[in-house]
Amino acid sequence: MSSPIEAVRGMRDVLPGEQRATAQVRAALERTLAQHGYAHIDLPIVEQRELYLRKLGEELVGKVYEFSFGGRDLALRPEWTASVLRAYVSAMQDQPLPMRIAYSGPVFRYERPQRGTYRQFTQVGVELVGGPAPRADAEAMALACAGLDAVGVKSYRVVVGHIGLIREILASLGLEERTQGTLAWSMERMRAEGVAALRERISETIGAPPPGLELPAGLDEDQATSWLLGMLDAMRIDLSTGTRDPQDVVARLLRKLRRGDPQPQIDRALDLLYRLSQLHGSPADVLPQVATLLTEAGLESVAYVELRAILALLADHGIDQDRVEIDLGLGRGLHYYTGLIFEIYDGDQMQICGGGRYDDLVSALGGRHPTPAVGFAYGLERVAALATAVAPPAERVALVSPVSDDDYAYALDVARRLRLRGFTTTVDVRGRSVATNLRDAARRGVGYLAVVGTEERAQGTVVWRNLTSRDERRVALDEIGDG
RNA sequence: GUGCUUGUAGCUCAAUGGUUAGAGCGCCUGACUGUGACUCAGGAGGCUGUGGGUUCGAGACCCAUCAGGCACCCCA
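Residues numbered from 1 in each chain as written. Chains lettered and ligands numbered in written order. Predicted model: local features only at pLDDT ≥ 70, side-chain atom pairs only at ≥ 80, totals over all residues. Heavy atoms only, no water.

A.B. asks: Explanation requested: the overall build of chain A in the structure shown.
C.D. replies: Counting its secondary structure elements, chain A contains 17 helices and 17 strands. Buried positions account for 46% of the 483 residues belonging to chain A. Once local pairs closer than 6 in sequence are excluded, the contacts in chain A between residues at least 24 apart make up 69%. Accessible area of chain A: about 25,100 Å², with a carbon and sulfur share of 50%. (Helix = DSSP H or I, 4+ residues; strand = E, 2+ residues; numbered from the N terminus. Buried < 20%, exposed > 50% of the residue type's maximum accessible area, 1.4 Å probe, protein only. Contact = heavy atoms within 4.5 Å. Areas by Shrake-Rupley, 256 points an atom, 1.4 Å probe, with all protein chains shown as cover.)

This is the structure in structure tokens:
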């Protein structure tokens, strides 16, 4: 006997029992999204590798399944948003905005497998393209909650952050774009490891160039570029293997070498961000603290006003305020977010949903007009594990037991008639005895057994047995299943 | 990516470093030729995850590797 072949690590077989339950949850979620006006689309699992290189964030880029085939660099999609907006830009820009789009299907991420964490899992989600803040943000969050309610997930928490607020503060301090990005996406790290650790880390990647590494004086942009390329080439550093093209790399290097952000500015940013990252709790508690913080810093914040409006609208949507928490230290791994970001957790800290606003992504993917957009995705398997409300539809199941080989054709005819009458019907293919078929039917939970032999075949009848009540009688073919 | 833990029959688990690795459940066949869950009898099913090593002798001890689980990290 040859040895069995195992499923690939992190990939799992979904067997009939689980598949049935998961499909119910999936259908219920999709129904909820459809009822809110989101049109379902389907898109390829395989995309150009390039689609994910720029805006995904280092953490997630490292988890993308990439491969080359036929000279193309390809990737298995690690999430849907990029694909949906790619499709929007390529074929849906003629549609009236806002567009409400729903999707569901597998995504792939190379992560350490665990319970509730698989390398292939299913995302069910939406994108609201052309939906501006704050109403579209509140709609998205409320819809995410509605789906969970529809499948009976009970004790979930909605955690709300706003990356636009962070960016606004950093911009007002006059920090470079790149510095802003690095700091904005370090919020989680800062909370976990403190300011000092982050300051250390930051100084390695941003700020003034170390002494001795300055550019030769008096070079213009082109001269500096070719000088740098020459240096890199002389050092045999191959730029073609990275995720950015060589021009991009050099341009970034140049910017870094020409000027860094002054340390006082960075320290001030770190201090402000640290205090923001500590703000965590109910909106009623946190919002006033944010306001105080902004006033002390002498900052006017559009994002803060927007966040307040979103939360107020969320209440108007009927979302239980006790479920909502603000966490301004929230920094999601997808770097394309520009405003609201939110995550939904069940009671046990398992994240079951995540989303946010990404107003620059349509343009970044080549869209004609800047288009605001917001969306979210559920992890279907995680939601299904918590779903309680979905009842499988009752079905009547019958087994047809031919007594001898001569009765098999007649048994098939009986089965066809049973299916027409709504029974899920199988015919014994193993030539088993009536006794064995009964035993088998009882074990499988089959409700009805039709015995067909010589006599029934001659009469056009079956022996129709209800396995639950043990009631049995001979009935004509036309009357099968009545009562 | 880091740390820990577990892999023995289809499933749940036994087996002090010492015969031919067992049990329950499940599966298959049958119990005077067409009637049941719980009966009875019989049967199939294993290179102990894989590959090395230590030992007279390894399912057990050591190393590696693969897979599952747990806690981080991150996410859905």
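This is not the end of the story, as more comes after the structure.
A.B. asks: Explain the nonpolar core here, please?
C.D. replies: The nonpolar side chains of a soluble globular protein tend to be buried with one another. One finds Leu-276, Phe-342, Ile-344, Phe-376, Tyr-378 and Val-383 to be the most contacted residues of the largest nonpolar core, which totals 105 residues. Counting residues per element, this core draws most heavily on helix H4 (residues 135-151), which supplies nine residues. Residues in contact with Leu-276, not counting those within four places in the same chain, are Ile-166, Ile-169, Met-187, Leu-293, Leu-328 and Gly-329. (Core = buried A, V, L, I, M, F, W, Y, C linked by side-chain atoms within 4.5 Å.)

A.B. asks: Is there a simple way to think about the packing of aromatic side chains in this case?
C.D. replies: Aromatic ring pairs are reported here in terms of the distance separating the ring centres and the angle at which the planes meet. Under the defined criterion, the tally for this structure stands at eleven aromatic pairs. Both rings, one in Tyr-65 and one in Phe-108, keep their centres 6.4 Å apart while their planes meet at 80 degrees; by these two values the pair is edge-to-face. In this pair, Tyr-65 sits in the loop between helix H2 (58-61) and strand S3 (66-69) while Phe-108 sits in strand S5 (residues 99-108), placing the two residues 43 residues apart along the sequence. Look at Tyr-65 and you get partly exposed, because its relative accessible area is 21%. The buried category is assigned to Phe-108, whose relative accessible area is 9%. Measuring from ring centre to ring centre gives 5.8 Å for Tyr-65 and Tyr-110, while their planes differ by 75 degrees; the resulting arrangement is edge-to-face. Of this pair, Tyr-65 sits in the loop between H2 and S3 while Tyr-110 sits in the loop between S5 and strand S6 (120-129), and the two are 45 residues apart along the sequence. (Phe/Tyr/Trp six-rings, centres within 6.5 Å; stacked < 30°, edge-to-face > 60°.)

A.B. asks: Would you mind going over the protein's contact with RNA strand B with me for this structure?
C.D. replies: Taken together, 46 residues are adjacent to RNA strand B, and Arg-109, Arg-332, Gly-333, Arg-443 and Arg-470 come closest. Backbone atoms, meaning sugar and phosphate, make up 48% of the atoms of RNA strand B lying within 4 Å of the protein. Within the backbone of Ile-352, a nitrogen or oxygen atom sits 3.5 Å from a sugar or linking oxygen of RNA strand B. With respect to RNA strand B, the side chain of Arg-443 contributes an N or O atom lying 2.4 Å from a phosphate oxygen. For the surface near RNA strand B, the secondary structure elements donating two or more residues are S6, strand S11 (351-357), strand S12 (373-379), helix H16 (434-444), helix H17 (454-459) and strand S16 (461-466). Among the elements that make up the surface near RNA strand B, the one with the highest residue count is H16 (six residues). The residue makeup of the surface near RNA strand B, split by class, is 15 nonpolar, twelve polar and 19 charged. (Near = heavy atom within 4 Å. Polar contact = N/O pair within 3.5 Å; in protein donor to acceptor, adjacent residues only side chain to side chain. Nonpolar A, V, L, I, M, F, W, Y, C, P; charged D, E, K, R; others polar.)

A.B. asks: For this particular structure, what's the right way to read the sheet that holds strand S1 (residues 39-40)?
C.D. replies: Within a sheet, each strand pairs with its neighbour through backbone hydrogen bonds, oriented either parallel or antiparallel. Overall, mixed pairing links the nine strands, which are arranged S1-S5-S6-S12-S11-S10-S7-S9-S8 in an open sheet. Across the chains shown, the open sheet's two edge strands, defined by having one partner strand only, are S1 and strand S8 (280-281). Bridging between S8 and strand S9 (residues 324-327) involves two bridges; their strand directions are antiparallel. Among the inter-strand pairings, His-280 is bridged to a residue of S9, identified as Asp-327. Across the sheet, helix H12 (residues 302-316) touches strand S7 (157-162), S9 and strand S10 (340-345), and the angle it forms with S7 is around 160 degrees. (Pairing = 2+ DSSP bridges. Axes fitted to C-alpha atoms, helices over the stretch in contact; angles between N-to-C directions.)

A.B. asks: So what exactly am I meant to see when it comes to the pairing of strand S15 (residues 448-452) here?
C.D. replies: Working note: regular strand, side chains alternate between the two faces of the sheet. For S15, the tally of buried residues reaches five of five residues, placing the bulk of the element in the interior. Every second residue of S15 is oriented toward a common face, with Tyr-448, Ala-450 and Val-452 on one face and Leu-449 and Val-451 on the other, all of them buried. Sheet topology places strand S13 (residues 397-402) next to S15; five bridges connect them, and they run parallel. When the bridges of S15 are listed, Val-400 appears paired with Ala-450.

A.B. asks: Where do I start with the packing of helix H1 (residues 16-35) against H4 in this structure?
C.D. replies: For any two helices packed against each other, the geometry comes down to the angle between their axes and how far apart the axes lie. Interhelical geometry of H1 versus H4 gives an angle of 140 degrees and a closest axis separation of 9 Å. Between H1 and H4, the angle is such that the two are oblique. Two packed elements cross with a definite hand, and for H1 against H4 that hand is right-handed. Residue-level contacts link Val-25, Ala-28, Leu-29, Thr-32 and Leu-33 of H1 to Leu-143, Ala-146, Gly-147, Leu-148, Ala-150 and Val-151 of H4. Per-class residue counts for the contact of H1 with H4 are nine nonpolar, two polar and no charged. (Parallel < 35°, antiparallel > 145°, perpendicular 65-115°, else oblique. Left-handed = near helix turned anticlockwise from the far one by under 90°.)

Functional significance is not addressed by these values, which are geometric in nature.
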